[in-house]
Each structure stands twice: as structure tokens, then as C-alpha cells.
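The chain contents come next:
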Amino acid sequence: MQQKQKLILVGGGEQGSLSAEIAAFSWDVTGFVDAKAVEPYSAIPWLGTDADIYAILQEHSGARVFISIGNNRIREKLVDFYALPEEIYAVIVHPSAIISASASIAPGSLIAAGAIINTRAVVEAHVIINSGSIVEHDCHIGAFSHIAPGVVMGGGCSIGQGAFIGLGARIKDHCSIGAGAVVGAGAVVIGDVPEGVTVVGVPAKQIKA
Ligand SMILES: CC(C)(COP(=O)(O)OP(=O)(O)OC[C@H]1O[C@@H](n2cnc3c(N)ncnc32)[C@H](O)[C@@H]1OP(=O)(O)O)[C@@H](O)C(=O)NCCC(=O)NCCS
């Protein structure tokens, strides 16, 4: 049997425990990095803090890294802080996810259980596509965005960098969600959402700029 490649997870919180469980299907989860030795949700060892990342990678030669922090801004800040080459970041995919052969997923992204990434969809780097979400054909998911469980987006949608799409939201086909925008849980988006605004409800309306 082929040996699994080592993986260092960054973040020992809720997203960390979820990522660890998914990663364990195809990676040797060597340990996690966090500010301190928080009680991990699984029995993986604490390896050190963010400042130790280069030493940790030297010790675990050939290891890849995955930033498993749910907050989009913190994930982005850490990538900047680490300044590691993009190819060191792993793609983590749950075995029950369905990914079209023509779709692409960039390093640092996670596709959770039961998610579907359909024809020609593009998932940029450091994106979280959570359990059971459907990313239809020709969607473009910007870097550092987070798609919560049970989201459904129709074909040709575009999600801007760092946007957050809440639990079970629906996004009509060919809609565009601006960078840093927030779509509330259960919202139904039927038009474009500008950058940085929060929308909620059915149909979705702006509550915050
Ligand atoms: C949209 C959201 C980010 C707004 O949070 P917030 O900025 O703290 O806003 P508030 O809770 O102060 O709510 C502001 C108003 O919007 C309403 N509202 C908030 N979220 C709503 C939602 N999802 N659907 C409908 N109305 C909503 C509130 O009832 C409130 O209305 P009011 O002013 O008439 O009282 C948040 O409610 C939400 O839906 N988050 C997504 C959670 C999620 O998906 N988590 C995933 C975990 S994996």
C-alpha cells in the first residue's frame, strides 16, 4: 500500500477538527499548529506556533500544509504571514465528494463530505466548500471564500474573494457575489450582491454595507 504523505494542519479549533477527520482519509496527519497546545478534537499532536512553521517543515521534510481556520480573513492573513510557496498547500477532499473531471481546485482548499463540484467549476486557493454544498457548472469560487453546509448555487455563479455564503443559502444561476460579501443562512439570492455587503432573507436584501 502506498504510504500517505505527511500533512501539517494549522488551527486546532472546530474547523481544524473537521479538516483533520477529512484529511485522514488520504493524508498522514502529522500534527497541528496553533497559538498554544489547545485540546485537539482528535489525538493529533501539537507541533508549535505559527512562528515555528519553517522549523516544523524542516523537521517533517516533504510535508504539506493546510490552513484549517473557518474565518476567511484569518486564513488569508496566515497565508501572507507564512509566505510559503503555493504548491506546499494541500487540497483536501472527502471521499464522498463528487468532483467533475473538468473542474479545478487550487491548493489550500477543502471539499467536505457530500459536496458536488460540477462541470468546469473553478475553486480558487484556500476556499472551504462545506458538507453537502452544490457548486454547479461554470461557477467561479474566489480565493479565501467559505461556502457553508448545504449551499446550492446555480450554473455560472461567481463568488468574490473572501465572501461567506451561510448555511443552506441558494444563489440563482449566473449571479455574482462581491468580494468580502456575506450571504445570510437560508437566503435566496436572485441578483448580484455588491462587494462587502451583507444580505439576508428570501429574496435576499441588504442589511449591512
Ligand atoms: C447574516 C448574518 C451574518 C448576520 O449576522 P449579524 O451581522 O450578527 O446580524 P444580526 O444577528 O444583528 O441581525 C440583523 C438583522 O438581520 C436579521 N437576520 C440575521 N440573519 C438572518 C438570516 N440568516 N435570515 C434572515 N434574517 C436574518 C436579524 O433577525 C436582524 O433583524 P432585525 O434587525 O429586524 O432584528 C448571520 O445572521 C448569518 O446568517 N450567519 C450565517 C451563519 C452560518 O451560516 N454559519 C455557518 C456555520 S458552518
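Residues numbered from 1 in each chain as written. Predicted model: local features only at pLDDT ≥ 70, side-chain atom pairs only at ≥ 80, totals over all residues.

**Thoughts on the sheet that holds strand E10 (residues 122-123)**
What holds strands together in a sheet is hydrogen bonding between their backbones, with the strands either parallel or antiparallel.
Thought 1: Judged by pairing direction, the sheet is parallel, and its five strands sit side by side in the order E7-E10-E13-E16-E19 without closing on themselves. Both edges of this open sheet fall to strand E7 (104-105) and strand E19 (176-177), since each of them pairs with a single strand only. (Pairing = 2+ DSSP bridges. Helix = DSSP H or I, 4+ residues; strand = E, 2+ residues; numbered from the N terminus.)

**Quick notes on the site of the ligand**
Thought 1: With respect to spatial proximity, 13 residues lie near the ligand, and among them Gly 166, Leu 167, Gly 184, Ala 185 and Val 200 are the closest.
Thought 2: Residue composition of the shell around the ligand, by class: seven nonpolar, six polar and no charged. (Near = placed C-beta within 6 Å. Nonpolar A, V, L, I, M, F, W, Y, C, P; charged D, E, K, R; others polar.)

**Topic: the pairing of strand E1 (residues 5-10)**
Thought 1: By the bridge criterion, six bridges tie E1 to strand E2 (residues 27-33) in an arrangement that is parallel. The partner of Gln 5 across the bridge, within E2, is Trp 27.
Thought 2: Sheet analysis places E1 next to strand E4 (residues 64-67), joined by four bridges and oriented parallel. From the neighbouring strand, Ile 8 faces E4, where its bridge partner is Val 65.

**Thoughts on the sheet that holds strand E14 (residues 146-147)**
Thought 1: Spatial ordering of the open sheet is given by E5-E8-E11-E14-E17-E20-E22-E23, a layout of eight strands whose pairing is mixed. Two strands bound the open sheet, and with one partner strand each, they are strand E5 (92-93) and strand E23 (205-208).
Thought 2: As paired strands, strand E17 (residues 164-165) and strand E20 (residues 182-183) are joined by two bridges and run parallel to one another. Pairing of Ile 165 across the sheet is with Val 183, part of E20.

**Focus on the domain arrangement of the protein chain**
Thought 1: Domain boundaries in the protein chain define domain 1 (5-88) and domain 2 (92-198).
Thought 2: Taken together, the 14 residues of domain 1 in the interface contact 15 residues of domain 2.
Thought 3: Among the secondary structure elements, those contributing two or more residues to the side of domain 1 that touches domain 2 are helix H1 (14-23), E4 and helix H3 (72-82).
Thought 4: Per element, the largest residue contribution to the side of domain 1 that touches domain 2 is five residues, and it comes from H3.
Thought 5: Considered class by class, the residues forming the side of domain 1 that touches domain 2 number six nonpolar, three polar and five charged. (Domains from an automatic or database assignment. Contact = placed C-beta atoms within 7 Å.)

**Observations regarding the nonpolar core**
Thought 1: If you look at the biggest cluster of nonpolar residues, it comprises 65 residues, and the most contacted ones within it are Phe 66, Ile 129 and Val 183.
Thought 2: Excluding residues that lie within four positions of it along the chain, Ile 129 makes contacts with Leu 110, Ile 111, Ala 112, Ala 115, Ile 117, Val 123, Val 135 and Ile 147. (Core = buried A, V, L, I, M, F, W, Y, C linked by C-beta atoms within 7 Å. Buried ≥ 20, exposed ≤ 12 C-beta atoms within 10 Å, placed from the backbone.)

**Here's the deal with the environment of Phe 81**
Thought 1: If you trace the backbone, Phe 81 turns up in helix H3.
Thought 2: When the 11 C-beta atoms within 10 Å are taken as the criterion, Phe 81 is described as exposed.
Thought 3: Taking the C-alpha atoms as reference, Phe 81 lies 20 Å from Glu 59; in sequence the two are 22 residues apart.

**What about H3?**
Thought 1: For H3, the full list of buried residues reads Asn 72, Arg 75 and Val 79. The arc that holds every buried residue of H3, seen down its axis, measures 65°, which confines them to one face. Exposed side of H3, more than 90 degrees from the buried face: Arg 73, Asp 80 and Phe 81 are the residues found there.
Thought 2: Tucked inside the fold, the buried residues of H3 contact E4, E14 and E17.
Thought 3: Ala 83 occupies a position one or two residues after H3 and carries a positive phi of about 50°. (Arc of directions from axis to C-beta.)

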